[in-house]
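The lines below spell out each chain.
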Amino acid sequence: ITNGNTPPKKISIIADEYCRETLGVHTCDERHNVSYLESTYPYVDFSMMETDDDTWWSASHRETNLEMDARARVFLHRLFQR
């Protein structure tokens with residue numbers, strides 16, 4: 001957003017492992033490796049991603065609502081600490 005007199009501020013895009021869809025079972029919920037994502041989206045900061053591979057996704061376990069709630073709380077805590 002700009003008032004016409006100043007250049008618009010750069011908006012940072014930060015990827016966070018804790019902010020994602022329900023984990024497990026469905027292959028569409030498995031993320032790509034961070035190394036692939038970094039080369040595809042060079043303007044995104046992936047420094048908050050914990051591992052290159054998606055170690056959270058499982059073919060045999062679908063994340064429960066309680067697990068998703070706990071993960072969402074961690075994400076919100078991390079977000080508000082920034």
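Check the entry above for the structure.
The following refers to the structure shown. These numbers were taken from a predicted model, which means no experiment stands behind them.

So, how was this worked out
- Residues numbered from 1 in each chain as written.
- Predicted model: local features only at pLDDT ≥ 70, side-chain atom pairs only at ≥ 80, totals over all residues.
- Heavy atoms only, no water.
- Patch = residues over 30% accessible without salt bridge, like charges linked within 9 Å, V, L, I, M, F, W, Y side chains within 5 Å.
- Areas by Shrake-Rupley, 256 points an atom, 1.4 Å probe, with all protein chains shown as cover.
- Salt bridge = Lys/Arg side-chain N within 4 Å of Asp/Glu carboxyl O.
- Helix = DSSP H or I, 4+ residues; strand = E, 2+ residues; numbered from the N terminus.
- Buried < 20%, exposed > 50% of the residue type's maximum accessible area, 1.4 Å probe, protein only.

## Remarks on a nonpolar patch on the surface
Item 1. Among the surface-exposed residues, I13, Y41 and Y43 lie close enough to one another that they form a single nonpolar patch of about 320 Å² accessible area.
Item 2. Examined against the element boundaries, Y43 turns out to sit in the loop between α1 (34-40) and β2 (44-45).
Item 3. On the accessibility criterion, Y43 (55% relative accessible area) is exposed.

## Here's the deal with the pattern of salt bridges
Between side chains of opposite charge, a pair can form when the charged atoms approach closely.
Item 1. Scanning the entire structure with this criterion turns up eight salt bridges.
Item 2. Note that E50 is salt-bridged to R78, the shortest N-O span being 3.9 Å. One end of the pair, E50, is in the loop between β2 and α2 (65-81); the other, R78, is in helix α2, with 28 residues separating them in the sequence.
Item 3. Residue classification places E50 among the partly exposed residues on the basis of a relative accessible area of 44%.
Item 4. The partner of D69 in a salt bridge is R73, and the shortest N-O contact between them spans 3.0 Å. Taken together, the residues span about one helical turn, with D69 and R73 both in helix α2 at a distance of four residues.
Item 5. R73 sits in the exposed class, given a relative accessible area of 57%.
Item 6. Within this structure, E17, R20, R31 and D54 form a network of salt bridges that share partners.

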